[in-house]
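# Topology and contacts: notes
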Amino acid sequence: MPLWLIVSATMDAVSSVKLPVRQIYVSSSLWKKNLAAAGPQKFTQEFIDKQVEEFEVGKRHLANMMEEDPETFTQEDIDRSIAYLFPSGLFEKRARPFMKHPEEIFPKQTAIQWDAKGRPFHFLFYTGKQSYYSLLHDVYEKILAIERHQDKMRNKGLFTSDTKQILLTGSRWLLKEEIEENLVENISDQDYMRLIQLMEKLLSMPYCSLEKEFILKFRKQLEVQSSKYEIPALQYDPQGVAFSVADGRRKTAKASITLRDSGSGNITINGRNYLHYFPVLQNRVQLMFPLLFVGMMGRFDIEGSVEGSGHSAQAGALRLAISRALLSFVSEGEVEKMRQAGLLTADPRIRERKKP
Amino acid sequence: MNLHKLSSRLCPTVSKFRHLHIQSSGQQLEAVAVETESTEPNPLSVFRTSEQNPTYHSERHTGQYYTLPPAHIQKLFPHGLPPRFQLQIKTFNEGCVMVRPPVLELISYLKKADYSKPPLRYILYGDIGTGKSMSLSHALHYCYTQGWLIVHIPDAHLWVKNCKELLPSSSRPSRFDQPIQASQWLKNFKITNEGFLSKIKTTQQYVWTKRESTEKGQPLGVLVDQGVNRMKSSSDVVGAVLRELRLQAGGTTEGEGAFKLAVAVDGVNALWGKTSLKKEDRTMVCWCKPEELTLIHNLRKMMKNNWSGGAILTALSQTGSLFKPQSAYLPSELLGEEGFDNMEPFVPVSVSNYNEKEFESCYLYYLERNWLQHPHSRSEEGKKELIFLSNKNPSILERLCAFL
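Okay, so let's go over this structure. (Residues numbered from 1 in each chain as written. Chains lettered and ligands numbered in written order. Predicted model: local features only at pLDDT ≥ 70, side-chain atom pairs only at ≥ 80, totals over all residues. Heavy atoms only, no water.)

### Some words on the packing of aromatic side chains
All names here are of chain A.
- The tally for this structure, following the rule as stated, stands at 19 aromatic pairs over all chains.
- Geometrically, the ring pair formed by W114 and F125 is edge-to-face, given 5.9 Å between the ring centres and 70° between the ring planes. Residue W114 is found in the loop between α4 (102-105) and α5 (130-156), and its partner F125 is found in the loop between α4 and α5; the two are separated by eleven residues along the sequence.
- Given the relative accessible area of 22%, F125 is considered partly exposed.
- Here the aromatic rings of F214 and F218 are separated by 5.5 Å at their centres, their planes lie at 65°, and the arrangement is edge-to-face. (Phe/Tyr/Trp six-rings, centres within 6.5 Å; stacked < 30°, edge-to-face > 60°. Helix = DSSP H or I, 4+ residues; strand = E, 2+ residues; numbered from the N terminus. Buried < 20%, exposed > 50% of the residue type's maximum accessible area, 1.4 Å probe, protein only.)

### Remarks on the sheet that holds strand β4 (residues 242-250) of chain A
Residue and element names in this part refer to chain A.
- In space, the six strands of this open sheet follow the order β3-β4-β5-β8-β6-β7, with mixed pairing throughout. What marks the edges here is a single partner per strand, and that holds for β3 (235-236) and β7 (272-273).
- Set on the sheet, helix α11 (residues 311-326) makes contact with β4, β5 (253-260), β6 (267-269) and β8 (301-307); between it and β4 the angle comes to about 140°. (Pairing = 2+ DSSP bridges. Contact = heavy atoms within 4.5 Å. Axes fitted to C-alpha atoms, helices over the stretch in contact; angles between N-to-C directions.)

### Some details on the packing of helix α10 (residues 281-294) of chain A against helix α14 (residues 380-390) of chain B
- Interaxial distance between α10(A) and α14(B) falls to 9 Å at its minimum, and their mutual angle equals 135°. Between α10(A) and α14(B), the interaxial angle falls into the category oblique. By crossing handedness, the relation of α10(A) to α14(B) is classed as right-handed. For the pair α10(A) and α14(B), contact is made by A:L281, A:R284, A:V285, A:L287, A:M288, A:L291 and A:L292 and by B:E385, B:F388, B:L389 and B:S390, respectively.
- Its residues assigned to classes, the contact of α10(A) with α14(B) shows eight nonpolar, one polar and two charged. (Parallel < 35°, antiparallel > 145°, perpendicular 65-115°, else oblique. Left-handed = near helix turned anticlockwise from the far one by under 90°. Nonpolar A, V, L, I, M, F, W, Y, C, P; charged D, E, K, R; others polar.)

### Overview of the pairing of strand β4 (residues 149-153) of chain B
All names here are of chain B.
- The buried fraction of β4 is high, at five of five residues.
- Taking every second residue as pointing to the same face, both faces of β4 are buried, with L149, V151 and I153 on one and I150 and H152 on the other.
- In terms of strand pairing, β4 meets strand β9 (residues 261-266) through five bridges, oriented parallel. What sits directly across from H152, in β9, is A264.

### Focus on helix α2 (residues 45-65) of chain A
All names here are of chain A.
- Between its first and last C-alpha, α2 extends 30 Å over 21 residues, near the 30 Å set by a 1.5 Å rise per residue.
- Every buried residue of α2 is listed here: F47, I48, Q51, F55, G58, K59, L62 and A63. The arc enclosing the buried residues of α2, seen along the axis, measures out at 145°, which places them on a common side. In α2, the exposed positions angled more than 90 degrees off the buried face are occupied by E46, E53 and N64.
- Structurally, α2 contributes buried residues whose contacts are with α3 (75-85) and α4.
- Trailing α2 by a residue or two, E67 shows a phi angle of about 60°, which is positive. (Expected span 1.5 Å × (residues − 1). Arc of directions from axis to C-beta.)

Put into structure tokens, the structure is as follows:
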């Protein structure tokens, strides 16, 4: 039975007879498994190669089954097909059936590090953390190389301190767990701090742009999150008045509003004035907050309908709907500020079930 | 002007202010209250008027506060003002009422009415917290300054609920008396209309018990004292007093002078609604109907326009009403069919939330009284927040500012 299809971590039912019982990991760095303690090579390289081969064959079979082109069958298509063929109602996404490349499934392991006579290959083997120390060694080599380069430039008289600097905004250093994953070794917190300090020292020198690719290997790009929100389109009335429509939800309450421009701050909810609909002050404050934050208090007329749940949840749903509708009237920088203020995040809290 | 310099020295935090021309007292400034964050060079004249007599209030004074003289407050409103306003008077050491269009309308009707004809019935109606009771009090102040006789029931709902003692009536078997409420009201009536008590004489003899009776021709004061002293018959005394006043209001009798009668009832929808008082029959406990209460019965007789020489000013009230939904505010909803038929024809006067100018006035008044302590409330954004949160509703604004 082909092994590329893994059904569940708990049910090791899909194990073939000829292979030993194996532990199944998804992504070790996330589950914080002890990589180095797993010891060298539970799986041989041939085994991994065979898995890769089976995976590729299986991918082509799957593409044929789904009547798509096997050549251009990407991982997303694989995920989609598996979700279609094996629908699962399990809440935990990691427990559902998946099909991934063996590289992602089987953890990186260390190959056997000594030869037949017991002599270690690497010169730093007896430090215990050979990859980590060799990495430090490499970084220091590069520092020295840059210093030599600097001296050369000084000798020639071409030394300038305002050389091209590496852009570091929008990225962060790799986390300790990610470095551990790369090195296939455990490192301590102090080791990690030492490595980062060394990298910072490298960055502080002029001419560090020579080693740009090396450094960028250790930086991870951060996504710009505010670009994720889709802004509702600004529509126009027959009279030329701009308005936008948006929805919001909070804890079973659903709200939908129309925000009209050039109004005078009237708010009508379900046909009634907001003063009558929300006699409690706190709910009115919730309604007021998005407008106050953006500074457009007396400008809009709001017409809303809301149903479900209780009065606080309805107020929260309306607040989210108002913030979303305001996105189309507001500039980019304001959108980011609103996101940071928490106006655009849907509150994920729901009622928990009753337990005995 | 000296006052200008004085106030600008006293208010160093003024960032910008408009120079306003001050004319003679009582005349309002035009185009006021567009500049918001200014404590004016003469704060007194923007939102206050020195015109203390409601007779002379006119459209020029809308949005401005006038002060109720303390002597008048004590005499005219021993029980009459809304409780929150009484607290405000105590806090601010003065009672200031805002002049608003519905009251001006009402006062103009009162000025033009013909008092030889049956009285006109005015009903003040509006949403909760828009100022109906305050408007009624303002109109009543006008009547008082004109020298009318005031019959003021501050809240008719108090007579149909939460009554501890309910006695079967002494005069009629199917009715119930409320001695405490009746005697309380008679005491307040005495304070308000002291001047008239000696002038009006009774027209017939009233027999209370075997031993007590009031003869014909006695001054009204005796009748009132009878009710105050003898709690048992106080409800009937109330009925008698009202009857006397009804008969003599037009000044057709040979009494010492004609007087005009102002009947002011707040919460008039209580007269035709339900009560929350239980009567214990022999078989079971059931609710009293309003007709079965002596006080209500007599009041209903006053509401009819079969007398002349006065006016009936009423205000609806949902907050004290029993078994009425909170969204009801129109006369037809709150009075019910029976009430509506009884009160028809009437002059409805609608009271609504503050408009911008009135809100401005109220805001400046609170600022001047140092009621808004929070520094943010003095700024422009703070004001916008207040407008939003209260939607310019007077009572909500007042409650909001109370904890700022």
